[in-house]
Amino acid sequence: MISTPWEAASPLYKKLVVASMSLSAVGIVLAIVGSSADRPTLMYTAVGIILAGLLTHIAGLMVRGRDVRAYRKDNPPAPQPPARK
């Protein structure tokens, strides 16, 4: 039995999660640097990078949902005993 969802995740999902977190972190750092250096173009670029990280995160959620649906299709739940009254 697999103990964590990360171990059961597909390689594509793992890559998307790491890419999403990396893009978001770079965007946040650039936004802070752009704000402290009073560089509006750098701040707007940072917003675009953060948006790319967000879109990558959404793509990862879609891949994870696809993987879960495929897993559930291949492994249906065990029948439950009837409830006692």
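That block above? That's the structure.
Residues numbered from 1 in each chain as written. Predicted model: local features only at pLDDT ≥ 70, side-chain atom pairs only at ≥ 80, totals over all residues. Heavy atoms only, no water.

### Section: the overall build of the chain
So, step 1. In terms of helices and strands, the chain carries 3 helices and 0 strands.
So, step 2. Along the chain, helices (α) and strands (β) appear in the sequence α-α-α when read from the amino end.
So, step 3. Taken against the 2.2 N^0.38 rule, which gives 12 Å for 85 residues, the C-alpha radius of gyration of the chain at 20 Å runs more than 25% over that of a compact globule.
So, step 4. Taken along the three principal axes of its C-alpha coordinates, the chain extends 70 × 30 × 20 Å.
So, step 5. Burial statistics for the chain: of 85 residues in total, 16% are counted as buried.
So, step 6. Distance between charge centres in the chain, computed from 10 positive and 4 negative side chains, equals 11 Å. (Helix = DSSP H or I, 4+ residues; strand = E, 2+ residues; numbered from the N terminus. Rg over C-alpha atoms; globule rule 2.2 N^0.38 Å. Buried < 20%, exposed > 50% of the residue type's maximum accessible area, 1.4 Å probe, protein only. Lys, Arg positive; Asp, Glu negative; His and termini not counted. Charge placed at Lys NZ, Arg CZ, Asp CG, Glu CD.)

### A closer look at the pattern of salt bridges
So, step 1. What the rule picks out here adds up to 1 salt bridge.
So, step 2. Among the ionic pairs, Arg66 bridges to Asp67, the shortest N-O distance being 3.3 Å.
So, step 3. Using a relative accessible area of 44% as the deciding quantity, one classes Arg66 as partly exposed.
So, step 4. Residue classification places Asp67 among the buried residues on the basis of a relative accessible area of 18%. (Salt bridge = Lys/Arg side-chain N within 4 Å of Asp/Glu carboxyl O.)

### Digging into the packing of helix H2 (residues 11-36) against helix H3 (residues 40-74)
So, step 1. Contact geometry for H2 and H3: axes closest at 8 Å, N-to-C directions at 165°. The orientation of H2 relative to H3 falls into the category roughly antiparallel. H2 and H3 meet at a crossing whose hand is left-handed.
So, step 2. Across the contact of H2 with H3, the residue classes tally to 18 nonpolar, 9 polar and 3 charged. (Axes fitted to C-alpha atoms, helices over the stretch in contact; angles between N-to-C directions. Parallel < 35°, antiparallel > 145°, perpendicular 65-115°, else oblique. Left-handed = near helix turned anticlockwise from the far one by under 90°. Nonpolar A, V, L, I, M, F, W, Y, C, P; charged D, E, K, R; others polar.)

### A word on H2
So, step 1. Look at H2: 38 Å from first C-alpha to last across 26 residues, which is about the 38 Å you get at 1.5 Å a residue.
So, step 2. Taken together, the buried positions of H2 are Tyr13, Leu16, Val17, Ser20, Gly27 and Gly34.
So, step 3. On the buried face of H2, the contacting elements are helix H1 (5-8) and H3. (Expected span 1.5 Å × (residues − 1). Contact = heavy atoms within 4.5 Å.)

Distances and angles like these do not, on their own, reveal function.
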